[in-house]
Amino acid sequence: MQPNIRHLREQVLSNNWYTLKKYTFEQQRADGSWQEQSREAYDRGNGAVILLYNRARKSVVLTRQFRLPVYINGHSGYLIEAAAGLLDNASPEARILAEAEEETGFQVTHAEKVLEAYMSPGSVTEKLYFFIAEYHDDDRRGKGGGLAEEGEDIEVLEWPFARALAAIRSGEIEDAKTIILLQHLALSAVFEGDSQ
């Protein structure tokens, strides 16, 4: 289904960290009439996220880092997340494998793509590519923590899968992309039904 849009105009409001634009357009409604609308859209590029899991130990690797927008919204600011990053003109799989090593210290060579999703389609253009990958002890290449020159100061967490699921229920994990990947692992029975 293709929307009927005409007279699309854009105005750059900010081009500092990423690009914020105001769009004015006319959209044809179901009754055939045209309605002018105005929306703002934040373009930060597309991204990818990966959840590392160890089948034998029934564990996952997560990160904890400060996020200013959630801090402004009344949270402590420290979110527990799966490793993620922007594509920066790389393929989703290549970029997320590099991001996993930067953030977690684990170098995995293959990621399984599980889905693509728009996380906040009312205001952000970003499409997120979701991956999982199995890791082993000998995949550790460093301590992780992210790149200091990008302002990253990331704590690496290796948790039992059951603890991660419990953290969703308790509200300790509030990051949507991480919840989606943890629920995906639970539904796919990667840990042979040990999701309680």
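Everything that follows concerns the structure shown earlier in this document.
Parameters and conventions
- By convention here, each chain's residues receive numbers from 1 onward along its written sequence.
- Thresholds applied to this predicted model are a pLDDT of at least 70 for local features of residues and 80 or more for the giving and counting of side-chain atom pairs; totals over whole chains, interfaces and linings are not thresholded and use all residues.
- Hydrogens and water are ignored here; the side-chain numbers use all heavy atoms of the structure.
- Between buried and exposed lies partly exposed: a residue is buried under 20% and exposed over 50% of the maximum accessible area for its type, with that area taken using a 1.4 Å probe on protein chains only.
- The numbering of helices and of strands both runs from the N terminus, where a helix is a DSSP run of H or I of at least 4 residues and a strand a run of E of at least 2.
- At least two bridges found by DSSP between two strands are what make those strands a pair.
- Only the stretch in contact is used when fitting a helix axis, every axis being a line fitted to C-alpha atoms; angles between N-to-C directions are given from 0 to 180 degrees.
- The rule is short: rings of Phe, Tyr and Trp, with Trp giving its six-membered ring, pair when the centres are within 6.5 Å, and they are stacked under 30 degrees, edge-to-face over 60, tilted in between.
- Two thresholds decide whether a charge sits over a ring: the Lys NZ or Arg CZ must be within 6 Å of the ring centre and within 35 degrees of the ring normal.

Q: Help me understand the pairing of strand β4 (residues 47–54), please; the structure alone is not making it clear to me.
A: The side chains of a regular strand alternate between both faces of the sheet. Here β4 lies mainly inside the structure; eight of its eight residues are buried. Along β4, one buried face is formed by Gly47, Val49, Leu51 and Tyr53 and the opposite face, lined by Ala48, Ile50, Leu52 and Asn54, is buried too. Of the strand pairs in this sheet, β4 and strand β7 (residues 83–86) are connected by four bridges, and their pairing is antiparallel. Following the sheet pairing, valine 49 is matched in β7 by alanine 84. As defined by bridge partners, β4 adjoins strand β9 (residues 127–134) across seven bridges and the pair is classed as parallel. Note that in β9 the partner of alanine 48 across the bridge is tyrosine 129. Here β4 runs beside strand β5 (residues 59–66); their pairing, made up of three bridges, is antiparallel. Bridge pairing in β5 links asparagine 54 to serine 59.

Q: Is there a simple way to think about the sheet that holds strand β2 (residues 19–28) in this case?
A: The strands making up a sheet associate through hydrogen bonds between their backbones, and the pairing can be parallel or antiparallel. If you walk across this open sheet you meet the three strands as β1-β2-β3, and the pairing is antiparallel. Two strands bound the open sheet, and with one partner strand each, they are β1 (5–15) and β3 (34–43). Strand-to-strand, the axes of this sheet are offset by a mean angle of 20°, without reference to chain direction. Pairing analysis gives 10 bridges linking β2 to β3, with the strands arranged antiparallel. In the sheet register, threonine 24 faces β3, and the bridge partner there is serine 38.

Q: Where do I start with the packing of aromatic side chains in this structure?
A: Ring pairs (aromatic) are described by centroid distance and by the angle formed between their planes. Applying the stated criterion across every chain yields a total of seven aromatic pairs. Taken together, a centroid distance of 5.6 Å and an interplanar angle of 55° make the contact between phenylalanine 66 and tyrosine 71 tilted. For phenylalanine 66, a relative accessible area of 37% gives the class partly exposed. Aromatic rings pair up to connect Trp17, Tyr18 and Tyr42 into one cluster. Taking NZ or CZ as reference, arginine 6 lies 3.9 Å from the ring centre of tryptophan 34, over its face.

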